[in-house]
Amino acid sequence: MNTIEIYTDGACKGNPGPGGWGVLLKSGSTEKELFGGETETTNNRMELMAVIQALEALKRPCHVVLHADSQYVLKGITEWLSGWKARGWRTAAKQPVKNVDLWQQLDALVAGSEHKIDWRWVRGHNGDPGNERADELANRGVEMALGRR
């Protein structure tokens, strides 16, 4: 099983507002960059979209080391998701889960894959090269959404 390092990030100019997502995939000496954006979105949606796009890009089962600077994404996938599902996609406060469409998509991707995923938090804007590149890609996604690229 190949090991692949993935760095993901989301960006939003205004929240809500135009946003972008960015992904850096690294396997050995091979790197691939992905990015995209939407004209009206939120930062959390773009953080989730980055992870979804990263996992969708994988063609075969991998050992994935996924780095994200979003506590929302990491806690959601590792701590909150099972409770949300058990409560019919409601939070502990009995409110509907925000971004449920993306959470369900991510849940299905993870459950339906044979990937072994290590979820890792990285402090954003702190000089980590992979995170900085993912941030640059997310900002390119914002520019693309705004029709500037």
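The coordinates are above.
The shown structure was predicted, so the numbers you read here are calculated from the model rather than taken from an experiment. (Residues numbered from 1 in each chain as written. Predicted model: local features only at pLDDT ≥ 70, side-chain atom pairs only at ≥ 80, totals over all residues. Heavy atoms only, no water.)

Caption draft 1: Inspection of the overall build of the protein at higher detail. Within the protein, the secondary structure is distributed over four helices and five strands. Moving toward the C terminus, one meets the helices and strands of the protein in the order β-β-β-α-β-α-α-β-α. In terms of C-alpha radius of gyration, the protein reaches 15 Å, essentially the compact-globule figure of 15 Å for 149 residues. Considered along the principal axes of its C-alpha atoms, the protein spans approximately 40 × 40 × 25 Å. (Helix = DSSP H or I, 4+ residues; strand = E, 2+ residues; numbered from the N terminus. Rg over C-alpha atoms; globule rule 2.2 N^0.38 Å.)

Caption draft 2: Quick look at the packing of aromatic side chains. Considering all chains together, one arrives at three aromatic pairs under this definition. Aromatic side chains Tyr72 and Trp103 sit 5.4 Å apart centroid to centroid with 70° between the ring planes, which places their arrangement in the edge-to-face category. On the criterion of sequence distance, the pair formed by Tyr72 in helix H2 (residues 71-86) and Trp103 in helix H3 (residues 100-111) is long-range, its members being 31 residues apart. Assigned by exposure class, Tyr72 and Trp103 land together as buried. Following the ring pairs from residue to residue traces out a cluster consisting of Tyr72, Trp80, Trp84 and Trp103. (Phe/Tyr/Trp six-rings, centres within 6.5 Å; stacked < 30°, edge-to-face > 60°. Buried < 20%, exposed > 50% of the residue type's maximum accessible area, 1.4 Å probe, protein only.)

Caption draft 3: Representation of the side chain of Asn131. Residue position: Asn131 is located in helix H4 (residues 129-145). In contact with Asn131, not counting residues within four places along its chain, are Tyr7, Thr8, Asp9, Asp69, Val122, Arg123, Gly124 and His125. (Contact = heavy atoms within 4.5 Å.)

Caption draft 4: Quick peek at helix H1 (residues 43-56). Across its 14 residues, H1 extends 20 Å between first and last C-alpha, which sits within 8% of the 20 Å expected from 1.5 Å per residue. Taken together, the buried positions of H1 are occupied by Met46, Glu47, Leu48, Met49, Ala50, Val51, Ile52, Ala54 and Leu55. (Expected span 1.5 Å × (residues − 1).)

Read these as geometric descriptors, not functional statements.
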